[in-house]
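What follows is the residue order along each chain.
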Amino acid sequence: MQKTFDVAIEALAGAVATVEPGPPAGNHLAEALPRSPGARGVKSFYIETFGCQMNVHDSEKVAGLLLARGYRAALNPADADLMLYNTCSIREKAAQKVFSRLGEWRGEKRKIIGVLGCVAQQEGEEIFERAPWVRLVCGSASYRKLPALVDELEAGGRRVMGLDLRVEETFETEMTLRDNPVRAYITIIEGCDYSCSYCVVPRTRGPERSRASEAILLEARRLADTGYSEIQLLGQTVNSYRDPSSRKLTFVELLRAVASVEGIRRVRFTTSHPNDFHREIVDVIDSTPTLCEHIHLPVQSGSTRVLREMRRTYTREEYLEKVSWIRSARRAISVTTDIIVGFPGETEQDFEDTVTLLDQVGYDGVFSFIYSPRPNTTAASLTCAIAESEKSRRLGVLQERQRQIQLARNERLIGETLEVLVDGCHRTRGQWTGRPSSNRIVNFTSPRENLLGEYVQVQVTRAGPHSLIGEHAVSD
Ligand code: 5AD
Ligand code: SF4
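Residues numbered from 1 in each chain as written. Chains lettered and ligands numbered in written order. Predicted model: local features only at pLDDT ≥ 70, side-chain atom pairs only at ≥ 80, totals over all residues. Heavy atoms only, no water.

Student: Account for the environment of Pro244, with residues named and values stated.
Tutor: On the secondary structure map, Pro244 appears in the loop between β12 (230-234) and α8 (251-259). Not counting chain neighbours up to four residues away, the residues in contact with Pro244 comprise Ser210, Arg211 and Ala212. (Helix = DSSP H or I, 4+ residues; strand = E, 2+ residues; numbered from the N terminus. Contact = heavy atoms within 4.5 Å.)

Here it is in structure tokens:
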């Protein structure tokens, strides 16, 4: 499935597309602004993004960087002088997709083809061997070098690479092209210091680096000034945040500070690691209406034995204790998670433990994945692989159980009125779409027009497993 993002600020049209947004990736609109084909002689770029929100936001920053250098956004890949793929290597399929995309440009000489992100970091020079028409390979920890790398290519360089992971700083840009007109992302921490045995991220994104709280708050204020009212704080392990500046804000203090920026009505954060998830996070959400009532808390497995093999640093019981804090909050905080099925050696009993965990927690959303062995991860050398057909069967069982749980949980909301931030419309269905604080998808009808970016009261009339249906309660 390919999704095309249309940029809706400052006429920065086109040039960014996202494939397979993973866990709750940015929503988007089709409210295209007038697009200009661009002046003659001005170089143009197009970025296709694969993977998670971190990648989506990295693409926004790279686009901002190129715009600041005088590039313009191309309307489509064919028109671009610089075609960039911001890649994901979390699972093998995602990585394969990139190579099949690159294959479409076989022998290309006129435009510069570049590979960014996790596949770039992971495969490095191999990419030039597999696709010799690629001229730029740059991992996310080296993006600040991108302008220099592009200069080098423009000055006649044949191939350039930026793969240094030994970086202290985070990736700051003067200007970020914002892709989603109602929700703005702010990276607060990059990289990851955990070492889950199945995961490539510590190798593709490097060690953990937190951003100074001052810089984060400045960005939040700027976003509020340009009209954004919803902010999502990003990090692979967002709640491991440690302010490197002398102010030394804790994650909870940072949440409170961002939530109190004038003009900001909603603050979200993702992804939380259970190990750094403390009761204070629940308390601050409970006492701060601006903080959204949603926590994405990847569990990966319901079996303590598998969690140990995965090196997740917590047991099933410890995870459930954290969920009990959330459940005892005054606000109805929704909980979503990521789960991997078919980890090497996962027994029928281990899998059963994961299915029962679904019931015990009562998740409002689950992103479930079939285990995919990845190069240079410790799990890749485990010998007790589960057959592909069995992995698929388990995924099916898990998804069906979760579908029932979600349907039941969503049905409980029928009759309630939710405040929804409108982020799009399905013109053919005559419906608007948006998200309440819990981050569920709400599709609704309204007698009003031009609701994009508005907060509206929606009465829920029907519920499906993956979305709610409602009507605009037009007294507002
Ligand atoms: N195989 C399958 N899923 C994986 N994830 C990470 N690595 C792998 C892998 N090797 C999943 C985890 C993580 C999500 C972003 O991707 O569930 O939370
Ligand atoms: Fe990967 Fe684990 Fe780090 Fe998450 S916490 S990015 S799963 S290594």
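Student: Lay out the site of ligand 2 in plain terms, naming residues and giving numbers.
Tutor: As a structural note, the neighbourhood of ligand 2 is formed by Cys192, Tyr194, Cys196, Tyr198, Cys199, Val201, Pro202, Thr237, His273 and Arg312. Taken together, the residues that form the shell around ligand 2 break down as 7 nonpolar, 2 polar and 1 charged. (Near = heavy atom within 4 Å. Nonpolar A, V, L, I, M, F, W, Y, C, P; charged D, E, K, R; others polar.)

Student: For helix α5 (residues 146-154), give the residues involved together with the corresponding values.
Tutor: Within α5 the residues assigned to the buried category are Leu146, Leu149, Val150 and Leu153. All buried residues of α5 lie within an arc of 95 degrees about the axis, which places them on one face of the element. (Buried < 20%, exposed > 50% of the residue type's maximum accessible area, 1.4 Å probe, protein only. Arc of directions from axis to C-beta.)

Student: Would you mind going over the site of ligand 1 in detail, with residue names and values included?
Tutor: The environment of ligand 1 is made up of Ile90, Arg91, Tyr198, Gln300, Asp338, Ile340, Phe369, Ile370, Tyr371, Ser372 and Arg374. Between an oxygen atom of ligand 1 and a side-chain N or O atom of Gln300, the distance comes to 2.6 Å. Between a nitrogen atom of ligand 1 and a main-chain N or O atom of Ser372, the distance comes to 2.8 Å. In isolation ligand 1 exposes 400 Å². Once the protein is present, 90% of that is buried. (Polar contact = N/O pair within 3.5 Å; in protein donor to acceptor, adjacent residues only side chain to side chain. Areas by Shrake-Rupley, 256 points an atom, 1.4 Å probe, with all protein chains shown as cover.)

Student: With reference to specific residues and values, describe the sheet that holds β12.
Tutor: Read from one edge of the open sheet, 3 strands run β9-β12-β13, paired in parallel fashion. Of all strands in the sheet, those bounded by a partner on one side alone are β9 (183-187) and β13 (266-270). Each strand of the sheet is rotated relative to its neighbour by a mean of 25 degrees, with strand direction disregarded. Judged from the 5 bridges that link them, β12 and β13 form a sheet pairing that is parallel. Bridge assignment links Leu233 to a residue of β13, and that residue is Phe269. Strands in contact with helix α7 (residues 213-225) are β9 and β12; relative to β9, the strand with the most contacts, it is inclined by about 165 degrees. (Pairing = 2+ DSSP bridges. Axes fitted to C-alpha atoms, helices over the stretch in contact; angles between N-to-C directions.)

Student: Let's hear about the environment of Val366: which residues, and what values?
Tutor: Looking at the element boundaries, Val366 is found in strand β16 (residues 365-370). Taking the relative accessible area as the measure of exposure, Val366 reaches 17% and is therefore buried. Along the chain, Val366 and Val299 lie 67 residues apart, while their C-alpha atoms are 9.9 Å from each other.

Student: Which residues make up helix α11 (residues 316-327), and what are the values?
Tutor: Between its first and last C-alpha, α11 extends 16 Å over 12 residues, near the 16 Å set by a 1.5 Å rise per residue. Within the span of α11, buried status applies to Arg316, Tyr319, Leu320, Lys322, Val323, Trp325 and Ile326. Taken together, the buried residues of α11 touch α9 (279-287), β14 (294-296), α10 (304-310), β15 (334-341) and α12 (348-361). (Expected span 1.5 Å × (residues − 1).)

Student: Break down the pattern of salt bridges for me, citing the residues and quoting the values.
Tutor: As a working rule, side chains carrying opposite charge can pair if their charged atoms are close by. On inspection of all chains with the given rule, the structure shows 26 salt bridges. The salt bridge involving Arg183 is made with Glu230; its shortest N-O contact spans 2.5 Å. With Arg183 in strand β9 and Glu230 in strand β12, this residue pair connects regions lying 47 residues apart in the sequence. Given the relative accessible area of 2%, Glu230 is considered buried. In this structure, the salt-bridge partner of Glu348 is Arg393, at a minimum N-O distance of 3.1 Å. In this pair, Glu348 sits in helix α12 while Arg393 sits in helix α13 (residues 388-411), placing the two residues 45 residues apart along the sequence. (Salt bridge = Lys/Arg side-chain N within 4 Å of Asp/Glu carboxyl O.)

Student: Summarise the sheet that holds β16; cite the residues concerned and give the values.
Tutor: Ordered by their spatial adjacency, 3 strands build an open sheet running β14-β15-β16, and the pairing between neighbours is parallel. The outermost strands of the open sheet, each flanked by one partner alone, are β14 and β16. Recorded for the sheet is a direction-independent mean angle of 15 degrees between the axes of neighbouring strands. Note: β14 against β15, 3 bridges, orientation parallel. Across the sheet, His294 pairs through a bridge with Ser334, a residue of β15. Those strands touched by α13 are β15 and β16, and its axis lies near 175 degrees from that of β16.

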